[in-house]
Amino acid sequence: MEQLLPLAIDGVELAKPIIISGPCSAETEEQVLRTAQGLARAGIKIFRAGIWKPRTKPGGFEGVGVPGLAWMRKVREQTGMKVATEVANRSHVESALEYDVDLLWIGARTSANPFAMQEIADCLKESGKDIPVLVKNPVNPDLELWIGAMQRLYNAGVRRLGAIHRGFSTYNPGIYRNDPHWRLPLELRRRYPDLPIICDPSHITGKRELIASLSQQALDMGFDGLIIESHCDPDCAWSDKNQQITPEVLNVIVDNLVFRDAPTIPAESLTHMRRRIDELDNELIEVLAKRMKVSKEIGQYKLEHNMPVVQAARYGDIMSNRVLAAASQGINEEFMRHILSTIHEESVRIQVELSENSEKKSKKKSEEK
């Protein structure tokens, strides 16, 4: 994806930060138009609404379908806003293009399905239309799957591509509905610096009261914009009511956001601090190398004394003690758990590899006899 074009609609590049807002689902014409009019008064330029809604179990509200596209067309006619919706198959794309939808996005369930992505890519190629497409991350934290979904579109000739970070499903949700796993979108930015990345604080948080703070956090991390769910009457929404806000609340949030488009720290000061970071990183690498060397020695000892590689009690003690020690130094506990878990996994891998190599050598000697 080396020849991406800026996100643009009708030849006009979208100004940053890109703000896209509207209801999770288009429910009725009156609801769609009321919400859009409120957003237009708030200065929002792109209106979003779900026309087709994927649901895990049958029987739930799965969207109004094609009739809702006529409401979207009215939004554009009455407010001048551009309109966006989610597509998940060829039929959706064809209908959206027929009603002149300005921007498409691919949902988290669809981006995880290579067959669906290829179908959408083929349809867009056949249409010959220059339409921007945003791709949400898959439900599971798989960066390659996310990139693969966008590459299928790129290979089909779509050059106005963007990514939407909406968080990742987890069996043990904490404060957020979907775990941000910030390292994944940041790695995506490192690999593709020209790819616009938009944050979806509504789906990450799942709670309207957390949207403002996470929106600012995303912009501080260099995201190019936000897609936020809003509804004229959120408490009566037919889907995801807890994560939707009114256009008036959105207006307040957007007015208070700070978009740092240019460095505010003198270059010489930043260079000095970065040099110090580089030095500390090198020290960390040296310490980790020493630790892994000791892990290998421990693995050899366990092997010689016929001891199991993993000893749960010892691991539990390390986790609890180190996390407490880190917290006393002002280090986030969850961050420390993640670091320790990763180090432990590598130590186990080293020790398992020792055991496997020893077994191979023993087997080879037996065969030679």
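Data block above holds the structure.
This one's a predicted model, so the numbers in the text were calculated from it and none came from an experiment.

Caption draft 1: View of the pairing of strand 6 (residues 103–106). Burial along strand 6 is two-sided: the face carrying Leu103 and Trp105 and the face carrying Leu104 and Ile106 are both buried. One ladder, built from 4 bridges, connects strand 5 (residues 82–87) with strand 6; its direction is parallel. Residue pairing across strands places Ala84 opposite Leu103, the latter belonging to strand 6. The parallel pair strand 5 and strand 6, bridged by helix 3 (residues 90–98), forms a crossover whose chirality is right-handed. By the bridge criterion, 3 bridges tie strand 6 to strand 7 (residues 133–136) in an arrangement that is parallel. Across the sheet, Leu104 pairs through a bridge with Val133, a residue of strand 7.

Caption draft 2: Layout of the side chain of Ser239. Topologically, Ser239 is positioned in the loop between strand 10 (225–229) and helix 10 (247–256). The buried category is assigned to Ser239, whose relative accessible area is 6%. Within the local environment of Ser239, its side chain forms a polar contact with the side chain of Ser25, the two groups lying 2.6 Å apart. Setting aside chain neighbours within four positions, we find Ser239 in contact with Cys24, Ser25, Glu27, Arg55 and Gln244.

Caption draft 3: Main features of the pattern of salt bridges. Inspection of the entire model under this criterion finds 21 salt bridges. Measuring nitrogen to oxygen at the nearest pair gives 3.3 Å for the salt bridge that ties Asp102 to Arg76. Taken together, the residues span a long stretch of sequence, with Asp102 in the loop between helix 3 and strand 6 and Arg76 in helix 2 (residues 67–79) at a distance of 26 residues. For the pair Asp102 and Arg76, a shared accessibility class is recorded, and that class is buried.

Caption draft 4: Structural context of the nonpolar core. Grouped together as the largest cluster of nonpolar side chains are 68 residues, with contacts concentrated most on Phe47, Leu124, Met150, Leu153, Leu161 and Leu188. Of the residues forming this core, the biggest block, 7 residues, is contributed by helix 6 (residues 143–155). Discounting residues that sit within four places of it in the chain, Met150 has contacts with Met1, Val135, Leu161, Gly162, Ala163, Leu188 and Leu195. Counting residues in hydrophobic clusters, the runner-up holds 13 residues, among them Ile9, Ile46, Trp105 and Ile198.

Definitions and cut-offs
Residues numbered from 1 in each chain as written. Predicted model: local features only at pLDDT ≥ 70, side-chain atom pairs only at ≥ 80, totals over all residues. Heavy atoms only, no water. Buried < 20%, exposed > 50% of the residue type's maximum accessible area, 1.4 Å probe, protein only. Helix = DSSP H or I, 4+ residues; strand = E, 2+ residues; numbered from the N terminus. Pairing = 2+ DSSP bridges. Right-handed = clockwise from strand over helix to strand, strands pointing away. Polar contact = N/O pair within 3.5 Å; in protein donor to acceptor, adjacent residues only side chain to side chain. Contact = heavy atoms within 4.5 Å. Salt bridge = Lys/Arg side-chain N within 4 Å of Asp/Glu carboxyl O. Core = buried A, V, L, I, M, F, W, Y, C linked by side-chain atoms within 4.5 Å.

These values are about where atoms sit, not about what they do.
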